[in-house]
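Reading the structure
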Amino acid sequence: GQRAVGDGRAKVYPLRRIEGDMQTHPLPGQPHPWFLKRIQDRDSSDWLNNEFFFRAFSQVMANAGHRVHGAVHDIFDFRWNQDFRQKTESEPTVRGGVMYNEPV
C-alpha cells in the first residue's frame, strides 16, 4: 500500500478506553487528560489566566441577570488560547473573509 505524505511532525491523538459498549477512561462527560494538559501548557502564569477570565465572565453574566450553568470546559475551549501581550509585530491575517491586523 501507499503511505500518505505528512508534514513530518509527530501527531498525538487522545485515546479513550472502551470496554464492551461503555467508555471507561476518561469517564464520559469528563475532559480528556490530554486536553487538560494542552490547556495547562497554554494558560498564563500571572493574574490574567483562564480562571480569572471565567470568574470575570461569570460575574458579568450575573450582573446581566444570567447565571452561568455548567463546567468551564463545557462552555469554553481554552486549548486554543494565545497570549499576545508580549507580541511586538502584527502579521496581517484574514478573519471572516476580511483582512485584519492584530493590534500590538
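Before any of the text, the structure's been laid out above.
In this report, we go over the structure that sits alongside the text. In this text, all values refer to a predicted model and were calculated from it rather than measured experimentally. Residue numbers here run from 1 along each chain, matching the order of that chain's written sequence. Where local features are concerned, this predicted model is filtered to residues with pLDDT of at least 70; where side-chain atom pairs are given and counted, the filter is 80 or more; whole-chain, interface and lining totals use all residues. Values reported for side chains reflect all heavy atoms of the structure, with hydrogen atoms and water molecules removed beforehand.

**Structural notes on the pairing of strand E3 (residues 92-95)**
Where a strand is regular, its side chains alternate between the two sheet faces. Strands were regarded as paired on the criterion that DSSP finds at least two bridges between them. Secondary structure elements follow DSSP: runs of H or I no shorter than four residues count as helices, runs of E no shorter than two count as strands, and numbering proceeds from the N terminus. Bridge analysis of E3 against strand E4 (residues 98-101) gives four bridges, and the strand direction is antiparallel. In the strand pairing of E4, Pro-92 is matched with Asn-101. In textbook terms, the turn of a hairpin is the stretch between consecutive antiparallel strands, and for E3 and E4 this stretch comprises two residues, one of which, Gly-96, has a positive phi near 65°.

**Here we look at the side chain of His-32**
Relative to the assigned elements, His-32 resides in the loop between strand E2 (22-25) and helix H1 (33-42). When a residue's accessible area, from a 1.4 Å probe over protein chains only, is under 20% of the maximum for its type it is buried; when over 50% it is exposed; and in between it is partly exposed. Under the relative-accessibility criterion, His-32 is labelled buried at 9%. Polar contact is the term for a pair of N or O atoms within 3.5 Å; when the atoms are in protein, one must be able to donate a hydrogen and the other to accept it, and sequence-neighboring residues count only if both atoms are side-chain atoms. Engagement of the side chain of His-32 in a polar contact is seen with the backbone oxygen of Leu-15, the distance being 2.6 Å. Between two residues, a contact is recorded if the distance between any of their heavy atoms is within 4.5 Å. Not counting chain neighbours up to four residues away, the residues in contact with His-32 comprise Pro-14, Leu-15, Arg-16 and Pro-26.

**Remarks on a nonpolar patch on the surface**
There is a patch of nonpolar side chains on the surface, built from Trp-47, Leu-48 and Phe-52 and spanning about 310 Å² of accessible area. Looking at the secondary structure, you find Leu-48 in the loop between H1 and helix H2 (50-63). Each patch is built from residues lacking any salt bridge and having more than 30% relative accessible area; the joining distance is 9 Å for like charges and 5 Å for nonpolar side chains (Val, Leu, Ile, Met, Phe, Trp, Tyr). Here the accessible surface of atoms and residues is derived via Shrake-Rupley with a 1.4 Å probe, and residues count as covered only by protein chains that are part of the display. Every case where a carboxyl oxygen of Asp or Glu lies within 4 Å of a side-chain nitrogen of Lys or Arg is listed as a salt bridge.

**A closer look at the environment of Met-61**
Examined against the element boundaries, Met-61 turns out to sit in helix H2. In sequence terms Met-61 and Leu-15 are 46 residues apart; their C-alpha atoms lie 35 Å from each other. When sequence neighbours within four positions are dropped, the list of residues in contact with Met-61 reads His-66 and Val-68.

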